[in-house]
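For reference, the chains in residue letters:
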Amino acid sequence: MISQDLLYIICCPACKGYLELFKFRDFGKQTIMESLVCKDCFKIYRVVDDIPVMITDDLSGEKEVVFIKKWKQQFPMDVWEKLKVKLNERWEKELPKNLWKIVKERVLNDD
Ligand SMILES: [Zn+2]
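Only a predicted model underlies this, so the values are computations on that prediction, with no experimental measurement involved. (Residues numbered from 1 in each chain as written. Predicted model: local features only at pLDDT ≥ 70, side-chain atom pairs only at ≥ 80, totals over all residues.)

Caption draft 1: Up close: helix H2 (residues 61-71). Those residues of H2 that sit buried are Glu64, Val65 and Ile68. Summarising the axial view, the buried residues of H2 lie within an arc of 105°, below the 170-degree limit, and thus occupy one face. More than 90 degrees from the buried face of H2, the exposed residues found are Lys63, Val66 and Lys70. (Buried ≥ 20, exposed ≤ 12 C-beta atoms within 10 Å, placed from the backbone. Helix = DSSP H or I, 4+ residues; strand = E, 2+ residues; numbered from the N terminus. Arc of directions from axis to C-beta.)

So this is what it looks like as C-alpha cells:
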C-alpha cells in the first residue's frame, strides 16, 4: 500500500502536479488495486507491487483506454467528470481516428 508520506514527496512527472491515490476493488480477484492520478493534468500512474510507476508513457494510448474501461466506474463521480474531459483531449491526439470514435462512444460515454 502506498503511504501518505510518499504522496507528499512525489509529484506528477509530466506537470509536477499533486497526486491523489485511488483504490479499486477487483471483485474477480478479491484484491485492491491502487493507482495515482495527477490532480492537475489527470495523468494516471499504475502502482505495481506497491511501487508507483512514475513513467509518463507507461499508461497511455490504448493501454490507458483498457485501464479506464475496467476501472472508470470506481472513480468518485466528481473526479470522473474532470478525468473524462482530460482523457477526451488526450486520446483525441494519441489514438488513431477510427479507434478514437469508438472509444469516445463506448468508454467515455456514461450511458
Ligand atoms: Zn500532471
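Picking up after the structure, the text goes on.
Caption draft 2: Main features of the environment of Arg90. Here Arg90 lies in helix H3 (residues 77-94). C-alpha separation for the pair Arg90 and Ser60, spaced 30 residues apart in sequence, amounts to 9.0 Å.

Caption draft 3: How the structure looks around the nonpolar core. Among the nonpolar cores identified, the biggest contains eight residues, and these are Cys12, Leu19, Leu36, Val37, Cys38, Phe42, Ile44 and Tyr45. Within the residue set of this core, elements represented by two or more residues are strand E2 (31-38) and strand E3 (44-48). With near-sequence residues (within four places) excluded, Tyr45 lies in contact with Ser35, Leu36, Pro52, Val53, Met54 and Leu59. (Core = buried A, V, L, I, M, F, W, Y, C linked by C-beta atoms within 7 Å. Contact = placed C-beta atoms within 7 Å.)

Caption draft 4: The sheet that holds strand E1 (residues 19-26), seen in detail. Taken in spatial order, the four strands line up as E1-E2-E3-E4 in an open sheet, and their pairing is antiparallel. The open sheet has two edge strands with one neighbour each: E1 and strand E4 (51-52). Where E2 lies against E3, three bridges are found, and the strand directions are antiparallel. Counted as the bridge partner of Leu36 is Tyr45 from E3. (Pairing = 2+ DSSP bridges.)

Caption draft 5: Inspection of the pairing of E2 at higher detail. With eight bridges joining them, E1 and E2 adopt antiparallel strand pairing. Bridged to Lys23 within E2 is Glu34. From the end of E1 to the start of E2, which pair antiparallel, there are four residues, and Gln30 there has a positive phi angle of about 60°. The turn joining E2 and E3, which pair antiparallel and follow one another in sequence, is formed by five residues; a positive phi near 60° is taken by Phe42.

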